[in-house]
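Summary of the model geometry
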Amino acid sequence: MSSTAPNSAHGLARGEEVLLEVRGAAKRFGNREVLKQISLNIAPGEFLTLLGESGSGKTTLLRLIAGFEQPSAGEIWMNGARLDTLPPYQRRVNTVFQHYALFPHLSVADNVAYGLRVKKTPPSEIAGRVDSTLHMVKMQEFAAARPSKLSGGQQQRVALARALVNRPELLLLDEPLSALDANLRKRMQSELKALQREIGITFLFVTHDQEEAMALSDRIALLRNGELEQVSTPREIYAHPATAYTAQFIGQTNVLRGEVQAGLATCGSIRFSTVAGPDGPATFSLRPEKIHFRTDSAAGASFAGFKGTIRQQIYGGATELLEVDCGGGQLLRVRIPARGWLSGEHQFVFSAADAIRVRE
Amino acid sequence: MYSRAYKAIVSIPPLLWVGLFLLLPYALMFAHSFWVVRNGFLVHEWNLGNFKTLASNPVYAQVLFRTMRIAASVTLLSLLLGYPLAYYLSFHAQARKELLYQLVIVPLWVSYLVRGYAWKTILGSEGVLNGFLRYFHVTHEPVAFLLYSPFAVVLVLTHIYTPFVFLPIYAALEHIPRQLIEASHDLGASSAQTFFRVILPLSIPGLLAGATFAFVLSLGDFLAPLLVGGASGTMIANVVQSLFGAAYDWPLGSAISICILLITVGLLFLTERLEKRWSFQ
């Protein structure tokens, strides 16, 4: 089997460079099929996020690449060579674990030096590399400390340094920020992104947090029940979700179910013109922020209007979220710039082009 | 909050227990070690004669060193048996783990005496092992050193104390987060490197606890040498036993006991320090 021919369906254009290639990888634990025929390419220097709910198989895919599990079917290639047949310690891949997994009996510096020592790197070189890597994650002053003396955020930095010092071609990060509190997490996100740009190592990042995925990634691979739902850039996946699941998982949305006939969609009491797809039953995703209060400027066939009663108003700082009953129990969520207390019936409008036709 | 009266009442039974069964006997033993037996009667005359006897008569030092040598051999052998067993159970036994664990523990339910006697029938000159060796013409005469020798004592004690060594090591290995082993492999360490750099250091507290069990229990053992030791396998506890029995020299027996007690307490103190030094959880 050749190692070339990346498939554009996996999100990379033909002929682009490929670092890691997952070919039809599947994983079964007993009768349970955790991963089903996953094919995915990762380009050098890319920040790719595996996003999914717990049980979606994202961590299993990571563990297949790290070598902690063997695929039940399929292959994994890196730089044109088989990866899945190698033991973990022969792969030029390093992992940052969810709970850091620092060695409790070793100091911070010894933890970071671990990978270099077991590979018999000359001691003179080890000292310099450990020092500069600790400097990179701003932990050089803790070199002599034991991991148990460090805070969660500091342990996270050491775990990162311990992996990066080996100069892996691919860094796997298994929900590395999930154990941190919200503020620290935001700060670590931006540091992680800056670090990745600076050193240019390919990151494969696993998270269940769609906001984190959006903030960090070059591309997001959304997993659902062991299958790839969609692989796209954050902007693309948000603006053009392929399925109702994706639309609901990435950000908030209104899922409109109805019929399309002769270019006209009817979803409950809402009608709008559409050019997307054939006639018949159809599902659309309409983001809450794409719905506005009616003004005179928005008129014509490219706009759709509806009347609705405000049932709930949830204040969110700069914006607020309205739950609007547009008749017959059909509820739509509308996000508007914050503007004070609202009630009663209102006229709403949205651009028909913002109702994205999705698969179920 | 509990009242003072309640606290006083509940603390009486343990205090009584410790006082009657621990402090009082030790105090008596301590006092005896400075007394003397004259004309078959115990004389409460304070002196250091017993300790001088221990220091000047080489027989006691000889038996004490033999005892420590036997205890050290038992410790080493039961570590060599117990550690791999614990390692296998913890990391590789998988579904058989429960069963194997029970199989290691089961001998502890059988009386020490029964197991000691069982070895007698195995090792004796008309025993199972010699019969086997002769049947296959490996030997023509019964092999004598099998029974009534330090070798037999070490063998029996190792058999008896290996589960005691196994248990704390197994507990320590079970406590090692498996992600640390994955992290080690991930960083490029082979299985052997992972063992020596991660698993072994993290199991040292269990290893020390097991070694202490084996050494201290062997040090004070008198049944195994009584059953299978013979003259050449006599240990210090047998000397104490005979001094308290037939020889009727409680003061000298107490002096020896005090020495063993000091060695044991010193050892426990040392291993406790070491265990603390190596515990990171």
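Let me sum up the structure you'll find in this document. Nothing here was measured: the structure is a model prediction, and the numbers come from that model.

Calculation rules
- Residues numbered from 1 in each chain as written.
- Chains lettered and ligands numbered in written order.
- Predicted model: local features only at pLDDT ≥ 70, side-chain atom pairs only at ≥ 80, totals over all residues.
- Heavy atoms only, no water.
- Helix = DSSP H or I, 4+ residues; strand = E, 2+ residues; numbered from the N terminus.
- Rg over C-alpha atoms; globule rule 2.2 N^0.38 Å.
- Buried < 20%, exposed > 50% of the residue type's maximum accessible area, 1.4 Å probe, protein only.
- Contact = heavy atoms within 4.5 Å.
- Lys, Arg positive; Asp, Glu negative; His and termini not counted.
- Charge placed at Lys NZ, Arg CZ, Asp CG, Glu CD.
- Phe/Tyr/Trp six-rings, centres within 6.5 Å; stacked < 30°, edge-to-face > 60°.
- Buried area = accessible area lost by both parts, 1.4 Å probe.
- Salt bridge = Lys/Arg side-chain N within 4 Å of Asp/Glu carboxyl O.
- Nonpolar A, V, L, I, M, F, W, Y, C, P; charged D, E, K, R; others polar.
- 1 Å grid on protein atoms, 1.4 Å probe; cavity = no way out; pocket = protein on both sides within 12 Å on 5 of 7 lines; lining within 4 Å.
- Points joined across faces, edges and corners; volume = space filled by probe spheres on them.
- Pairing = 2+ DSSP bridges.
- Axes fitted to C-alpha atoms, helices over the stretch in contact; angles between N-to-C directions.
- Core = buried A, V, L, I, M, F, W, Y, C linked by side-chain atoms within 4.5 Å.

If you tally the helices and strands in chain B, you get twelve helices and two strands. The C-alpha atoms of chain B give 23 Å as radius of gyration, which overshoots the globular expectation for 281 residues (19 Å, by more than 25%). Projected onto the principal axes, the alpha-carbon positions of chain B cover approximately 75 × 75 × 35 Å. Among the 281 residues that make up chain B, the fraction classed as buried is 41%. Once local pairs closer than 6 in sequence are excluded, the contacts in chain B between residues at least 24 apart make up 68%. Side-chain charges in chain B split into 16 positive and 11 negative, and the spacing between the mean points of these groups amounts to 6 Å.

Turning to the packing of aromatic side chains, a few remarks are in order. Taken as a whole and judged by the stated rule, the model has 29 aromatic pairs over all chains. Ring geometry for Phe68(A) and Phe97(A): centres 5.9 Å apart, planes at 25°, overall stacked. You can see Phe68(A) sitting in the loop between helix 1 (58–66) and strand 4 (73–78) and its partner Phe97(A) sitting in the loop between strand 6 (93–96) and helix 2 (108–118), a full 29 residues away along the chain. Phe68(A) gets classed as buried once you look at its relative accessible area, which sits at 16%. Look at Phe34(B) and Phe51(B): their rings are 5.5 Å apart centre to centre, the planes differ by 45°, and that puts the pair in the tilted class.

Time to look at the interface of chain B and chain A. Each partner contributes to the interface: chain B provides 19 residues, whereas chain A provides 24 residues. Summed over both sides, the interface of chain B with chain A buries roughly 2,000 Å², with 60% coming from carbon and sulfur. Here chain B and chain A share one salt bridge between them. The salt bridge involving Glu182(B) is made with Arg63(A); its shortest N-O contact spans 2.6 Å. Taken together, the elements giving at least two residues each to the side of chain B that touches chain A come down to helix 8 (178–186) and helix 9 (191–219) of chain B. Among the residues making up the side of chain B that touches chain A, the classes are represented as eight nonpolar, eight polar and three charged.

Looking now at empty space enclosed by the protein. Counting across every chain of the model gives one cavity of 30 Å³ or more. If you go around the largest cavity, the residues you meet are Leu62(A), Arg63(A), Ala66(A), Phe68(A), Thr95(A), Phe97(A), Asp174(A) and Gln179(B). Examining the composition of the lining of the largest cavity, we find that three residues originate from one element, helix 1 of chain A, more than from any other. Of the residues belonging to the lining of the largest cavity, the class tally is four nonpolar, two polar and two charged.

Let's shift gears to the sheet that holds strand 17 (residues 319–325) of chain A. Residue and element names in this part refer to chain A. Pairing in this open sheet of five strands is antiparallel, and the strands run 15-19-16-17-18 from one edge to the other. With one partner strand each, in any of the chains shown, strand 15 (291–293) and strand 18 (331–337) form the two edges of the open sheet. When the angles between neighbouring strand axes are averaged without regard to direction, this sheet yields 50°. For strand 17 and strand 18, the ladder comprises seven bridges, and the chain directions are antiparallel. Residue pairing in the sheet places Asp325 in a bridge with Leu331 of strand 18.

Residues and elements named next belong to chain B. Of the voids in this model, the largest pocket is the one considered here, and its volume is about 310 Å³. Tyr87, Phe91, His92, Gln94, Arg178, Ile181, Glu182, His185, Ser191, Thr194 and Ile199 together form the lining of the largest pocket. Take the lining of the largest pocket: its biggest share by element is four residues, from helix 8. Taken together, the residues that form the lining of the largest pocket break down as four nonpolar, five polar and two charged.

With that settled, the discussion passes to the environment of His140(B). Secondary-structure assignment places His140(B) in the loop between helix 6 (128–135) and helix 7 (150–174). A C-alpha to C-alpha distance of 9.3 Å links His140(B) and Asn130(B), two positions ten residues apart in sequence.

Core analysis: the biggest nonpolar cluster contains 58 residues, and Leu20(A), Val22(A), Leu40(A), Leu50(A), Ile65(A), Leu170(A) and Leu204(A) have the highest contact counts within it. Counting residues per element, this core draws most heavily on helix 9 of chain B, at six residues. Excluding residues that lie within four positions of it along the chain, Ile65(A) makes contacts with Leu20(A), Val22(A), Ile76(A), Leu83(A), Arg91(A), Val93(A), Leu170(A), Leu172(A) and Leu204(A). One finds Tyr100(A), Met188(A), Leu192(A) and Leu195(A) within the second-largest nonpolar core, a separate group that totals 33 residues.

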